Amino acid sequence: MDRYRLTLAIGARTIMRGWWPDLPTAERKYLRWIGERGSVNGARVTLADEAADGRVLKSWPPD
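Throughout this document, residue positions are counted from 1 along each chain, in the order its sequence is written. In keeping with the predicted nature of the model, local features appear solely for residues at pLDDT of at least 70, side-chain atom pairs appear and are counted solely at 80 or more, and the whole-chain, interface and lining totals rest on all residues. Computation of side-chain values covers all heavy atoms of the structure but excludes hydrogens and water.

**Describing the pattern of salt bridges**
- Salt bridges are defined by distance alone: a side-chain nitrogen of Lys or Arg within 4 Å of a carboxyl oxygen of Asp or Glu. Within the structure shown, the criterion is met by five salt bridges.
- In this structure, Arg3 and Asp49 form a salt bridge, with 2.7 Å as the shortest nitrogen-oxygen distance. Here the residue Arg3 occupies a position in the segment before strand E1 (4-10), and Asp49 occupies one in strand E3 (residues 43-49), the gap between them amounting to 46 residues.
- Partly exposed describes any residue whose relative accessible area lies between the buried limit of under 20% and the exposed limit of over 50%, with all areas from a 1.4 Å probe on protein chains only and scaled to the type maximum. Using a relative accessible area of 33% as the deciding quantity, one classes Arg3 as partly exposed.
- Between Glu36 and Arg37 there is a salt bridge whose closest N-O contact spans 2.6 Å.
- Owing to a relative accessible area of 26%, Arg37 belongs among the partly exposed residues under this scheme.
- One salt-bridge network, in which partners are shared between bridges, spans Arg32, Glu36 and Arg37. The helix count covers DSSP runs of H or I at least four residues long, the strand count covers runs of E at least two residues long, and both are numbered beginning at the N terminus.

**As for the packing of aromatic side chains**
- The rule is short: rings of Phe, Tyr and Trp, with Trp giving its six-membered ring, pair when the centres are within 6.5 Å, and they are stacked under 30 degrees, edge-to-face over 60, tilted in between. Using the criterion set out here, one finds one aromatic pair in the structure.
- When the centroid spacing of 6.1 Å and the interplanar angle of 75° are considered together, the rings of Trp20 and Trp33 count as edge-to-face. In this pair, Trp20 is assigned in strand E2 (residues 13-20) and Trp33 in helix H1 (residues 23-37), connecting sequence segments 13 residues apart. Both residues of the pair, Trp20 and Trp33, count as buried.

From the geometry alone we can't say anything about function, so treat these as descriptive.
Put into structure tokens, the structure is as follows:
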């Protein structure tokens, strides 16, 4: 089972999701998604831990 989930949303719409088994890989992807798609108006990227009931570890842009 892949533990870490990334979600890219624009406004209220989910555009992409991805899952990875280890945190270092998920964190690299998180930064990559921000770099590739962060300039889109309304974009939000979240990294969540599925083993912790979906607890959000990181979110961009910061609140």
